[in-house]
Amino acid sequence: MITDTHTHLYSSQFDEDRAEMIQRAKDAGVSRFFIPAIDSSYTQKMLDLEKNYPNDVFLMMGLHPTSVKENYKEELALVKEWLDKRKFYAVGEIGMDLYWDKTFIKEQQETFATQIKWAKEMNLPINIHCRDAFDEVFEVLESEKSDDLFGIFHCFTGTFEQAQKAISYNMKLGIGGVSTFKNGKIDKFLNEIDIKNIVLETDAPYLAPTPYRGKRNESSFLTQVVGKLVDIYGLSYDEIAKITTENSVQVFGV
Ligand SMILES: [Zn+2]
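Residues numbered from 1 in each chain as written. Predicted model: local features only at pLDDT ≥ 70, side-chain atom pairs only at ≥ 80, totals over all residues. Heavy atoms only, no water.

Asker: Explain the coordination of the zinc ion residue by residue, including any values.
Answerer: The protein atoms donating to the zinc ion are H6 (NE2), H8 (NE2), E93 (OE) and D203 (OD), with metal-donor distances spanning 2.1 to 2.4 Å. Every donor counted, the 4 donor atoms about the zinc ion form angles of 87 to 175 degrees at the centre, which fits irregular coordination. All donors of the zinc ion come from a single chain, and their spacing in sequence reads H-x1-H-x84-E-x109-D. You can see H6 sitting in the loop between β1 (2–4) and α1 (18–27) and its partner E93 sitting in strand β4 (residues 91–97), a full 87 residues away along the chain. Of the two residues, H6 and E93, neither departs from the other in class, the shared state being buried. (Donors = N, O, S within 2.8 Å, 3.2 Å for Na, K, Ca; no water. Tetrahedral: all angles 85-135°; square planar, octahedral: opposite > 155°, others 65-115°. Helix = DSSP H or I, 4+ residues; strand = E, 2+ residues; numbered from the N terminus. Buried < 20%, exposed > 50% of the residue type's maximum accessible area, 1.4 Å probe, protein only.)

Here you go:
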């Protein structure tokens, strides 16, 4: 059994064939799907997904850094309302993204810190999005670090040193398609990271692994990433699947 710890199954890119796509994943052994939030415009789609797949889909709640705009306070209030209202399995995806836009850097940092505080209060893991913002993300983690801060550094693309730093804040590394890219870099040092710190993810529909690079990603393609980790760690396919699923259970509590 393989666990996809970060997949946007509600994306409109799956509107034409969502049921078939999810069945393909299950046929490939990928049967647990953790669903990150982005902003309130996706909430109903996430709830619908959970309704249709109550045993397979686990929802997160949070405000994505690229959705931190003029109305971020209202969006944050909705996140809090949902977190208080029902069970979610993580606060995510949250973090900082300075690749697209630096206009709201201060608000992004504030929003990230606020949501980390909520996660700690509720004893939930966080799911971190970090793009072109390692220093800024680490600055917030440093100020919020504690025993009850834990989670996943989603789509980890940093250096070996940054990986060690992320792990020092009780984060596991979300590994996906990038590990299969020729220029992805992380495959060069991953064997020096204990596999107990690794979870698998697709970030579907984005970041499809080789040989599907550039195409729409889907959860069934996670088998390619398992194959890559077999090479890196010298463990069997089943061992990689089992250990990374156990790691996901440790984070999410299910
Ligand atoms: Zn994502």
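Asker: Could you give me a rundown of unusual backbone geometry, with the residues and numbers involved?
Answerer: For the peptide bond that leads from G92 to E93, omega is 0 degrees, which places it in the cis range. T210 connects to P211 through a cis peptide bond whose omega is 5 degrees. Its identity as a non-glycine residue notwithstanding, C155 has a phi of 50 degrees, on the positive side. Along the polypeptide, C155 turns up in the loop between β6 (151–153) and α6 (160–168). The backbone of K185 sits at a positive phi, close to 70 degrees, despite the residue not being glycine. Mapped onto the secondary structure, K185 falls in the loop between β7 (171–175) and β8 (198–200). We classify K185 as exposed; its relative accessible area is 61%.

Asker: Can you tell me about the environment of G158, naming the residues and giving the values?
Answerer: With respect to the helices and strands, the residue G158 is situated in the loop between β6 and α6. Separated by 90 residues in sequence, G158 and S248 place their C-alpha atoms 21 Å apart. Once residues within four sequence positions are removed from consideration, G158 is found in contact with F134, I186 and F189. (Contact = heavy atoms within 4.5 Å.)

Asker: Summarise the sheet that holds strand β5 (residues 126–131); cite the residues concerned and give the values.
Answerer: Here 5 strands make up an open sheet; going across it, the order is β4-β5-β6-β7-β8 and the pairing parallel. The sheet is open, and its two edges are formed by β4 and β8, each paired on a single side. If you compare each strand with its neighbour and ignore which way they point, the axes differ by 30 degrees on average. When β5 meets β6, the two strands line up parallel, connected through 3 bridges. Within β6, the position partnered with N127 by the bridge is I152. Where helix α7 (residues 222–233) meets the sheet, it contacts β7 and β8, and its direction lies at approximately 150 degrees from that of β8. Contacts from helix α8 (residues 237–252) reach β6, β7 and β8 within the one sheet, and its direction differs from that of β8 by about 100 degrees. (Pairing = 2+ DSSP bridges. Axes fitted to C-alpha atoms, helices over the stretch in contact; angles between N-to-C directions.)

Asker: Could you give an account of the packing of helix α4 (residues 105–121) against helix α5 (residues 134–144), with specific residues and numbers?
Answerer: Relative orientation of the contacting elements α4 and α5 amounts to 35 degrees, with a least axis distance of 10 Å. Every pair of crossing elements has a handedness; the one defined by α4 and α5 is right-handed. Contact residues: α4 offers I105, Q109, F112, A113, I116, K117 and K120, while α5 offers E136, V137, E139, V140, L141 and E144. Classifying every residue of the contact of α4 with α5 gives 7 nonpolar, 1 polar and 5 charged. (Left-handed = near helix turned anticlockwise from the far one by under 90°. Nonpolar A, V, L, I, M, F, W, Y, C, P; charged D, E, K, R; others polar.)

Asker: Explain the side chain of N127 to me, and be specific about the residues and the numbers.
Answerer: Looking at where N127 falls in the secondary structure, it is placed in strand β5. Overall, the relative accessible area of 0% leaves N127 in the buried class. Here H6 takes part through its side chain, which lies 2.8 Å from a polar atom of the side chain of N127. Ignoring anything within four residues of it in the chain, the contact list for N127 reads T5, H6, M60, V91, G92, E93, I94, I152 and H154. (Polar contact = N/O pair within 3.5 Å; in protein donor to acceptor, adjacent residues only side chain to side chain.)

Asker: Account for the pairing of β4, with residues named and values stated.
Answerer: In terms of burial, β4 is largely enclosed, as 7 of its 7 residues are buried. In terms of strand pairing, β4 meets β5 through 6 bridges, oriented parallel. Note on β5: the bridge partner recorded for V91 is I126. Handedness of the crossover is the feature at issue here: the chain leaves β4, passes through α4, returns alongside β5, and the resulting connection is right-handed. (Right-handed = clockwise from strand over helix to strand, strands pointing away.)

Asker: Give me the nonpolar core: which residues, what numbers.
Answerer: One finds I126, L141 and F153 to be the most contacted residues of the largest nonpolar core, which totals 75 residues. Per element, the largest residue contribution to this core is 6 residues, and it comes from α7. One finds F58, M60, Y89 and F252 within the second-largest nonpolar core, a separate group that totals 9 residues. (Core = buried A, V, L, I, M, F, W, Y, C linked by side-chain atoms within 4.5 Å.)

Treat this as a map of the structure, not an account of what it does.
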